[in-house]
Every structure is written in C-alpha cells, then in structure tokens.
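Analysis of the macromolecular model
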Amino acid sequence: MLYSKLTRLPQKNAVRCHLCAHRCIIPDGKAGFCLVRKNESGKLCSLNWGKAVALAMDPIEKKPFFHFKPGTKVLSFGTPGCNFRCLNCQNWDLSQGVRESGQSVFDGNDIPPAAIAEAARRQKADGIAYTYSEPTIFFEYAYDTVQECKKMQKEKKLAKDFFHLFVSNGYFTKEMLDIVEKEKLLSAIRIDLKFTRDDKYYEITGGRFQPVLDSIRRVAALRNNSRWPVHLEVINLVIPGENDTPDDFRAVAEHLYSLSPDIPLHFSRFFPYYQMSHKPPTPIPSLLEAKKIAQDAGLHYVYVGNTDAEGAENTVCPKCNALLIERNKFSPGKNVFAKLGGEEKKNPACPECGEKIEIVL
Ligand code: SF4
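Residues numbered from 1 in each chain as written. Predicted model: local features only at pLDDT ≥ 70, side-chain atom pairs only at ≥ 80, totals over all residues.

**Describing the environment of Arg227**
Short version of the rule: The numbering of helices and of strands both runs from the N terminus, where a helix is a DSSP run of H or I of at least 4 residues and a strand a run of E of at least 2. Three exposure classes are used, based on other C-beta atoms lying within 10 Å of a residue's own C-beta, which is placed from the backbone: buried for 20 or more, exposed for 12 or fewer, and partly exposed in between.
Within the secondary structure layout, Arg227 lies in the loop between α7 (209-222) and β11 (231-238). The class for Arg227 is exposed, based on 8 C-beta atoms found within 10 Å. Between the alpha carbons of Arg227 and Ala129 there is a distance of 22 Å; along the sequence they are 98 residues apart.

See the structure below:
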C-alpha cells in the first residue's frame, strides 16, 4: 500500500508500521499499540477504515484554528482508536473504546470516503477536519476521503479552495508528512504540545516528547513551502499540578519562538475527565499567566481557550494592539479582514499600522 511503508522483519510475517512514532513491530495476527492496525498474514490492515463517527459541522474556530480561514465551517469526524492513551482524554469512549470494550467498536456499516465528500457538499462545508480521535491512525481513510473530494472539485461539486485539516497529537512520522506534502493533502495541522518533559509525556499519554517536537518543527518548516504550504497552530492544555508552572509555560513558548514568533499558540483550560476526574479545572489566572509569559517570550499570537475570560480569543495586532478579529465562544464578531480580496487578501496587514499579519484568509 502507498500509505504505510511495510518493512518485513526476520520473524515470520511480522511487519513494522511507520505511520506514527511508535513504529510498532507487529507479529502476525496481532495489532499495534493503537489497536486499530493489525497484521493479517504479513499484511498491515487498517481496522478503522470507513468507521467515521460523530460527523458534524463545526466552526473552524472550535478546532481551534484562529489563523486559518476564519469564519469558515468544517465537516468534522473521527474514528475509534488512538496512538496515545491520555489519562485526561475528553473523547476517551472514542479514542480508548477499542482498549476498554474490545472489537465491537468496529461493528456497523462503513461510511465510504465518497459519502463523506458528498455530506460535505450537501452541508456546504468549506473543508473537512479529521479530529476527535487521532487522525494519524486513520490516515488511509483520510487519504481516500481527500481523493474523493479532489474528484468532486474537478467536477465543480466542491469549491476549488476546499481544504482538509488534521487536529493531531503530532505523533506522526516524517514518512507520513512527506506524503501529505507530496500529494498536497492537508492545508493545516493543529498539534497538541502537551508537555515539555518526556517523563510527563510518557506518564500521561504513553507517547514521548521528542517525536512531537520533531513534528512541530517539520510542519513549521512547511508553512512557507512554495509548492504546498501547510499552516500550523499549536495548543497546550494546562493541567493543574502537571504542567502549570511558569517554567512549563516558558518552555512551551520558547520551543515555538525558536521556530517562529508567528505560530499561534492556544493555552487551553483543563476540565476533569476520564482517569483525571479527581483534578480541579485550571484556574483562569493560571491561563492568563501562561499567556503573559508566552507573549513576553516573543510570541505574537497567544490565546486562552475553553474559558469565558474577556478578549482571550481575540486576535490583535502584535505591533499596535489594534483589535483585528473578535471571537466569543467560537462565534466570530468584528473581523477587519472579512471583506478583503485580491492582493490584500494574500498579504493581510493591520489596517491601523500596516504590520503584516500571519493569517490565511
Ligand atoms: S499507527 Fe502507530 S501505534 Fe498504530 S500500529 Fe502504526 S506505529 Fe503502532
């Protein structure tokens, strides 16, 4: 198959999966860490292909993407399974259902990629967001869905600028991202940078820090790719007692700043879920402190999400502080870019001071 470079191993019929950074070696008849990719007689099979759940239309701001096509609507879906096992997962019934309740999550009819593309057309979506669970582990399904949409674009049933987004934990490999670039699959990726300490990453998610940072670095490098640019935003969920010290906030900000001060960073409020139900929600002052530290570290676009804090989701000019886009719980208010066209749309700038603003309109 094109999408997963299979490596045959000395052990009879064992394979290695190269889709995510776990790079599982899977013996015949067994599944990888995600439990949705299985070795069937030496062939790596995707068990969640066609198993879309929770299809819904969302404002793009809900993902959250604040600097990519503001005000647009995306058809969103996920599938069962995940390559992490986060103790605080909000969608644990979807992501960990295979682990918790076995194979029954794969029951039911397939929703083929063409049906998803048709749903996007019918509901007048501007794009598709692969989300809710980790899209890396349903990459083949996402790939086929993009191809169906491209066909519909050629037939003028979907707009020429119809787009595809991954809402990801960033645990994908360079090989996967190379396919994204080569085949022009995704226009934007939002990555969770959950922790900056490897021990915390492993303890709470089952993944490691470095592969996520590598993904952020690679996608950041694609932002200005002349052949196929990929927009990047990063989110950090602030969990009380786990990653909420000034040093934690500074480390997140400094990692991003070293790549570009223009990468949007969202600090998000934690609420008790799943195996972290005993923890309190993140105090708002802690999130505001995170924002201040990240701005002081030089980042231009820092947001606080999942709160009612006034103005926390607004985009302001990094030079003169003029209000550019107002947001309140994902609903867009004032947007100074809403009516731009032509060159102005390609090179957005602050109407007050002329500062270039990093945003894809
Ligand atoms: S996607 Fe990741 S976790 Fe799943 S089998 Fe492949 S390498 Fe393992």
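Still to come is the rest of the account.
**Quick notes on unusual backbone geometry**
The omega angle of the peptide bond from Lys63 to Pro64 is -15 degrees, so this bond is cis rather than trans. Mapped onto the fold, Pro64 is located in the loop between β6 (53-59) and β7 (73-78). You will see that Lys156, though not glycine, has its phi angle at about 65 degrees, which is positive. Position of Lys156 relative to the elements: it lies in the loop between α4 (139-154) and β9 (163-168). Given 8 C-beta atoms within 10 Å, Lys156 falls into the exposed group. We note that Asn321 has phi near 70 degrees; this positive angle belongs to a residue other than glycine. Looking at where Asn321 falls in the secondary structure, it is placed in the loop between β14 (315-316) and β15 (323-328). Given 11 C-beta atoms within 10 Å, Asn321 falls into the exposed group.

**What about the pairing of strand β12 (residues 265-269)?**
Across a regular strand the side chains alternate sides, sitting on one face of the sheet and then on the other. As a reminder, the rule being used: Call a crossover right-handed when, viewed with both strands pointing away from you, the route from the first strand across the helix to the second goes clockwise. The pairing criterion for strands is at least two bridges between them, as found by DSSP.
The buried fraction of β12 is high, at 5 of 5 residues. In this region the chain leaves β11, passes through helix α8 (residues 246-257) and returns to the parallel neighbour β12; the handedness of that crossover is right-handed. One ladder, built from 4 bridges, connects β12 with strand β13 (residues 302-305); its direction is parallel. When the bridges of β13 are listed, Leu265 appears paired with Val302. Viewed along the sheet, the connection from β12 through helix α9 (residues 284-296) into β13 turns out right-handed.

**Observations regarding the domain arrangement of the protein**
We count it as follows: For each domain, the first and last residues come from an automatic or database assignment. For every residue pair, C-beta atoms are placed from the backbone, and the pair is scored as a contact if these atoms sit within 7 Å.
When the domains of the protein are assigned, the result is domain 1 (7-46), domain 2 (53-307) and domain 3 (314-361). Centre-to-centre separation of domain 2 and domain 3, based on C-alpha positions: 23 Å. The interface is formed by 13 residues belonging to domain 2 together with 12 residues belonging to domain 3.

**Observations regarding the environment of Lys69**
One can find Lys69 in the loop between β6 and β7. C-alpha separation for the pair Lys69 and Ile359, spaced 290 residues apart in sequence, amounts to 7.9 Å. In contact with Lys69, not counting residues within four places along its chain, are Ile60, Asp126, Phe163, Val360 and Leu361.

**So, the sheet that holds β13**
Heads up, the rule is: Geometry is summarised by axes, namely lines fitted to C-alpha atoms with helices restricted to the contacting stretch, and by angles between N-to-C directions that run from 0 to 180 degrees.
The sheet built from 8 strands is open, its strands ordered β6-β7-β8-β9-β10-β11-β12-β13 with mixed pairing. The open sheet has two free edges, formed respectively by β6 and β13, since each of these has just one partner strand. The average undirected angle you get between the axes of adjacent strands in this sheet is 20 degrees. For β9 and strand β10 (residues 188-192), the ladder comprises 4 bridges, and the chain directions are parallel. Opposite Phe166, over in β10, you have Ile189 as the bridge partner. Those strands touched by α7 are β10 and β11, and its axis lies near 155 degrees from that of β10.

**Things to note about the nonpolar core**
Where a protein is soluble and globular, its nonpolar side chains tend to be buried together. We count it as follows: By our criterion, buried Ala, Val, Leu, Ile, Met, Phe, Trp, Tyr and Cys residues that link up through C-beta atoms within 7 Å make up a nonpolar core.
The biggest cluster of nonpolar side chains holds 92 residues, and the ones touching the most others in it are Leu165, Val234, Ala253 and Ala294. At 6 residues, α4 tops the list of elements feeding residues into this core. Residue assignment places this core across two domains, with domain 1 (7-46) and domain 2 (53-307) each supplying three or more. Excluding residues that lie within four positions of it along the chain, Leu165 makes contacts with Lys63, Phe65, Val74, Gly127, Ala129, Tyr130, Leu186, Ser187 and Ala188.

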